[in-house]
Amino acid sequence: MQLNRRTILAGAAATPLLGKAVFAAQPLVGKQAPAFYRFKVGEFEVTAINDGFARRPLDGFIKNASLDDVKAALGSAFLPTDQMTIPFTTLVVNTGAKLVLLDSGNGDSGAPTTGSWMANFKAAGFDPANVDTVLVSHFHGDHINGLRLKDGSAVFPRAEIIVPEVEWAFWMSDDKMNAAPDGLKPAFNNARRVFGPIAKDVNRFQWGKEPITGITALQADGHTPGHTAFAISSGNGRLLMMSDTTNNPILFARKPDWTAVFDMDGEQAIKTRRKLLDMAATDRIQVSFYHAAFPATGHIAKLGSGFDMVPMAFQPTL
Ligand SMILES: [Zn+2]
């Protein structure tokens, strides 16, 4: 048989469809494997833990680009062009001295397509009672709701929680809440729901400091006033946790001047994004993103006037 486009398509059409005409002794499994992925950063062992994804309407998602341009960008990345897909991935860093979480996922407060974090965390061999420290990048719900369930219970009972000083000062201020537009008030109330019961025990870090030995907090404001990226360093290993410096980098690495509806200060978010992406590209530092396709780690290449994320290839050994 000659191999051409027509014979390939004909072959695909002849394949039995899912749910029909399955004769194998083993039934279809119908679900994905637990989503965790481990890699080393120097002596540190890092585990990416996925918390599913959310879908958003495209309309209004990017404040300074036309819908046609956004659809074209998604299409060129072979993604659906009728909606925006936003994955969630936290990092667990075992420094040898401490088990540290970078952000906590959606807990039971997210979209129905989220909420798999704890199952994935346990499948990776972790126990929430063993978490020593949670470092928080910023106070949006998808990053902090995993700290406290809707019934009020604390998920990491033993963990010290350390948050950006600037972020705390903004979201926990009654003056800022009273002055905020109505659309932002639920986020202020949610920060109080999560942190209120433990307010006196929440510690705060400043940018440029190292809240955990080997993990430095980097100023990355714009997305929120206190939004923070993390430089993780052990031996010769380096990892830049970008947090929400971009939303899904499939769009925002390539189009760093686009600004998502979640960026509270769009101009500052663009400056931060360009600065950190340029740093990662120039110094060839491995990066992780909170909202990239799982396992949400790779490198940054320069591409035209923007950048591109090159996902890490699966490494079978550590
Ligand atoms: Zn986020």
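A brief report on the enclosed structure follows. (Residues numbered from 1 in each chain as written. Predicted model: local features only at pLDDT ≥ 70, side-chain atom pairs only at ≥ 80, totals over all residues. Heavy atoms only, no water.)

Observations regarding the overall build of the chain
At step 1: Along the backbone of the chain there are nine helices and 13 strands.
At step 2: Against the globule reference of 20 Å for 318 residues, the chain gives a C-alpha radius of gyration of 21 Å, in line with a compact fold.
At step 3: For the chain, the spread of C-alpha atoms along the three principal axes comes to 70 × 45 × 40 Å.
At step 4: Of all 318 residues assigned to the chain, the portion counted as buried reaches 46%.
At step 5: A separation threshold of at least 6 residues defines the contact pool for the chain, and within that pool the share at least 24 residues apart is 66%.
At step 6: Here the chain has roughly 15800 Å² of accessible surface; of this, 55% comes from carbon and sulfur atoms.
At step 7: Distance between charge centres in the chain, computed from 31 positive and 30 negative side chains, equals 5 Å. (Helix = DSSP H or I, 4+ residues; strand = E, 2+ residues; numbered from the N terminus. Rg over C-alpha atoms; globule rule 2.2 N^0.38 Å. Buried < 20%, exposed > 50% of the residue type's maximum accessible area, 1.4 Å probe, protein only. Contact = heavy atoms within 4.5 Å. Areas by Shrake-Rupley, 256 points an atom, 1.4 Å probe, with all protein chains shown as cover. Lys, Arg positive; Asp, Glu negative; His and termini not counted. Charge placed at Lys NZ, Arg CZ, Asp CG, Glu CD.)

Brief notes about the sheet that holds strand 4 (residues 99–102)
Adjacent strands of a sheet form backbone hydrogen bonds with each other and so pair up, either parallel or antiparallel.
At step 1: With mixed pairing, the seven strands of this open sheet are ordered in space as 1-2-3-4-5-6-7. Lying at the two open borders of the sheet, with one neighbouring strand each, are strand 1 (36–41) and strand 7 (203–205). Along the sheet, successive strands turn relative to each other by an average axial angle of 25°, direction set aside. (Pairing = 2+ DSSP bridges. Axes fitted to C-alpha atoms, helices over the stretch in contact; angles between N-to-C directions.)

Things to note about the packing of aromatic side chains
At step 1: For the structure shown, the criterion picks out 16 aromatic pairs.
At step 2: When the centroid spacing of 5.8 Å and the interplanar angle of 45° are considered together, the rings of Y37 and F314 count as tilted. With Y37 in strand 1 and F314 in the segment after strand 13 (306–311), this residue pair connects regions lying 277 residues apart in the sequence.
At step 3: Accessibility expressed as a relative area gives 8% for Y37, which makes it buried.
At step 4: Residue F314 is classed as exposed on the basis of its relative accessible area, which comes to 62%.
At step 5: With 4.7 Å between their ring centres and 55° between their planes, W171 and F188 make a pair best called tilted. In this pair, W171 sits in helix 5 (residues 165–171) while F188 sits in helix 7 (residues 185–195), placing the two residues 17 residues apart along the sequence.
At step 6: With relative accessibility at 0%, the residue W171 sits in the buried group.
At step 7: Aromatic ring contacts, followed pair by pair, group W117, F121, F126 and F156 into a single cluster. (Phe/Tyr/Trp six-rings, centres within 6.5 Å; stacked < 30°, edge-to-face > 60°.)

Some points on helix 2 (residues 67–76)
An α-helical turn contains 3.6 residues, so a residue and the one three or four places further along point in the same direction.
At step 1: Of all the positions in helix 2, only V70, A73 and L74 are classed as buried. All buried residues of helix 2 fall inside an arc of 95° around its axis, so they share one side.
At step 2: Buried-residue contacts for helix 2 involve strand 3 (84–94) and helix 8 (249–252).
At step 3: Directly after helix 2, the chain includes F78, whose backbone phi takes a positive value near 60°. (Arc of directions from axis to C-beta.)

Structural notes on the coordination of the zinc ion
At step 1: Coordination sphere of the zinc ion, protein contribution only: D142 (OD), H143 (NE2), D244 (OD) and H291 (NE2), at 2.1 to 2.4 Å.
At step 2: Each of the four donor atoms bound to the zinc ion contributes to angles spanning 90 to 176°, and the resulting shape is irregular.
At step 3: Along the chain, the residues donating to the zinc ion are arranged with the sequence spacing D-H-x100-D-x46-H. In this pair, D244 is assigned in the loop between strand 10 (237–241) and helix 8 and H291 in the loop between strand 11 (286–288) and strand 12 (297–303), connecting sequence segments 47 residues apart.
At step 4: Looking at D244, the relative accessible area reads 4%, which means it is buried.
At step 5: Residue class for H291 comes out buried when judged on its relative accessible area of 2%. (Donors = N, O, S within 2.8 Å, 3.2 Å for Na, K, Ca; no water. Tetrahedral: all angles 85-135°; square planar, octahedral: opposite > 155°, others 65-115°.)

Observations concerning the pattern of salt bridges
Opposite charge on two side chains lets them pair, provided their charged atoms get close.
At step 1: Per the counting criterion, the structure on display carries nine salt bridges.
At step 2: Among the ionic pairs, D174 bridges to R192, the shortest N-O distance being 3.0 Å. Taken together, the positions of D174 in helix 6 (residues 174–179) and R192 in helix 7 put the pair 18 residues apart, joining distant regions of the chain.
At step 3: Taking relative accessible area as the criterion, D174 reaches 47% and is therefore assigned partly exposed.
At step 4: The shortest N-O distance in the salt bridge between K302 and D278 comes to 3.1 Å. In this pair, K302 sits in strand 12 while D278 sits in helix 9 (residues 266–283), placing the two residues 24 residues apart along the sequence.
At step 5: We classify D278 as partly exposed; its relative accessible area is 31%. (Salt bridge = Lys/Arg side-chain N within 4 Å of Asp/Glu carboxyl O.)

Details of unusual backbone geometry
At step 1: Omega for the peptide link from F294 to P295 comes to 5°, which places this bond in the cis form.
At step 2: Tracing the backbone through its elements, the reader meets P295 in the loop between strand 11 and strand 12.
At step 3: One non-glycine residue, S243, adopts positive backbone phi at about 50°.
At step 4: In this structure S243 comes out as buried when scored by relative accessible area, which is 1%.
At step 5: Here A296, not a glycine, exhibits a phi torsion of approximately 65°, which is positive.

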